[in-house]
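# Per-entry structural report
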Amino acid sequence: GENVEQHPSTLSVQEGDSAVIKCTYSDSASNYFPWYKQELGKRPQLIIDIRSNVGEKKDQRIAVTLNKTAKHFSLHITETQPEDSAVYFCAANWEEGGGADGLTFGKGTHLIIQP
Amino acid sequence: DAGVTQSPTHLIKTRGQHVTLRCSPISGHKSVSWYQQVLGQGPQFIFQYYEKEERGRGNFPDRFSARQFPNYSSELNVNALLLGDSALYLCASSYTASELFFGEGSRLTVL
């Protein structure tokens, strides 16, 4: 089955700086890679996703890059703001809805934005 | 438009008891998935149901079971509770193979 590794487990950055979170996956059949943001006590919410036919995708201050050869993908947040503080999870699967074997999640990165 | 709703939000059980968790998907969504999130970890896939049929199952023991009703709502049942079953149980719905929308979860504590 799929295995997703996520680093770092905790990331502290100054407000206004950039943050980068990295994930690697094991199953070459995976072609859907979402990123979820989970605030304390709240539900995970999709913030951006990428499919294997695309190398990079941007949405305002958030971008995701994918290297299928190396089997890794990264989340980039620029001009960080206090409301970016949360736990971020990467995930992988061959199908967008998770398919019959579900999304495989990383262990999460606690992003702390220092004022 | 209501999102995914789950009940109860919190519950406390003792070892050996049984628990039933409930989920109502977003209107029009026919697929429901269940995930277990242990504190400090990412969600782990338990089941996926589509059109009332089990479509997939994660690496969980037979003590875990689920079903989906004609109105697409779903129940997750866990028998013979263990301390290690303490977790946040998340339900997610999607419209066929599309974005997963999660509920706020049911936090289960087993004493």
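Described in the following lines is the structure provided in the data block.

What counts, and where the lines are drawn
Residues take numbers from 1 onward in each chain, read along the sequence in its written order. Going through the entries in the order they are written, you letter the chains from A and number the ligands from 1. Residue-level local features of this predicted model are given only where pLDDT is at least 70; pairs of side-chain atoms are given and counted only at 80 or more, and the full residue set underlies all totals for whole chains, interfaces and linings. The basis for every side-chain value is the complete set of non-hydrogen atoms in the structure, without hydrogens or water. In this description, a disulfide is simply a cysteine sulfur pair whose atoms lie within 2.5 Å. Secondary structure elements follow DSSP: runs of H or I no shorter than four residues count as helices, runs of E no shorter than two count as strands, and numbering proceeds from the N terminus. Only protein chains enter the accessibility calculation, which uses a 1.4 Å probe; a residue whose area is less than 20% of its type maximum is buried, one above 50% is exposed, and one in between is partly exposed. Whether two residues are in contact is decided by their heavy atoms, any of which lying within 4.5 Å being enough. Here the quantity called buried area is the accessible surface, traced with a 1.4 Å probe, that two parts lose on coming together, added over both. Counted as salt bridges are all cases of a side-chain nitrogen of Lys or Arg within 4 Å of a carboxyl oxygen of Asp or Glu. Side-chain atoms alone can form a polar contact between residues adjacent in sequence; in general such a contact is a pair of N or O atoms within 3.5 Å, and within protein one must be able to donate a hydrogen while the other accepts it. Note on residue classes: Ala, Val, Leu, Ile, Met, Phe, Trp, Tyr, Cys and Pro are nonpolar, Asp, Glu, Lys and Arg are charged, and everything else, Gly too, is polar.

## Quick look at the state of the cysteines
All names here are of chain B. In this structure the tally under the stated criterion is 2 disulfides over all chains. The residue that forms a disulfide with Cys 23 is Cys 91, at a sulfur-sulfur distance of 1.9 Å. Handedness of the Cys 23-Cys 91 disulfide follows from its S-S torsion of about -65 degrees: it is left-handed. Here Cys 23, found in strand 3 (residues 19-24), pairs with Cys 91, found in strand 9 (residues 87-94); they are 68 residues apart in sequence, far enough to count as distant. Per residue, the accessibility class of Cys 23 equals that of Cys 91, and both read buried.

## Observations regarding the interface of chain B and chain A
Residue-level contacts link 22 residues of chain B with 20 residues of chain A. Between chain B and chain A lies a buried interface of about 1700 Å² when both sides are counted; carbon and sulfur atoms form 49% of it. Of all residues in chain B, the largest losses of buried area upon contact with chain A belong to B:Arg55, B:Phe102 and B:Glu104, amounting jointly to 29% of the total for that side. Across the contact surface, chain B and chain A share 2 salt bridges. The closest approach of N and O atoms between A:Glu95 and B:Arg55, which form a salt bridge, is 3.2 Å. Where chain B packs against chain A, one counts 5 residue pairs in polar contact (both at pLDDT 80 or more). Broken down by secondary-structure element, the contributors of at least two residues to the side of chain B that touches chain A are strand 4 (31-37), strand 5 (44-50), strand 6 (53-57) and strand 9 of chain B. The class makeup of the residues in the side of chain B that touches chain A is 9 nonpolar, 9 polar and 4 charged.

## With respect to unusual backbone geometry
The omega torsion of the bond from A:His7 to A:Pro8 falls at -5 degrees, within 30 degrees of zero and hence cis. Along the chain, the position of A:Pro8 falls in the loop between strand 1 (4-7) and strand 2 (10-14). The step from B:Ser7 to B:Pro8 runs through a cis peptide bond, and the omega angle for that step is -10 degrees. Mapped onto the secondary structure, B:Pro8 falls in the loop between strand 1 (5-7) and strand 2 (10-13). The phi torsion at A:Gln60 lies on the positive side, around 60 degrees, for a residue other than glycine. Residue placement: A:Gln60 occurs in the loop between strand 6 (56-59) and strand 7 (62-67). Judged by relative accessible area, A:Gln60 falls into the exposed class, the value being 76%. Here the phi dihedral of B:Tyr72 falls at roughly 75 degrees; this positive angle occurs in a residue that is not glycine. One can find B:Tyr72 in the loop between strand 7 (64-68) and strand 8 (74-78).

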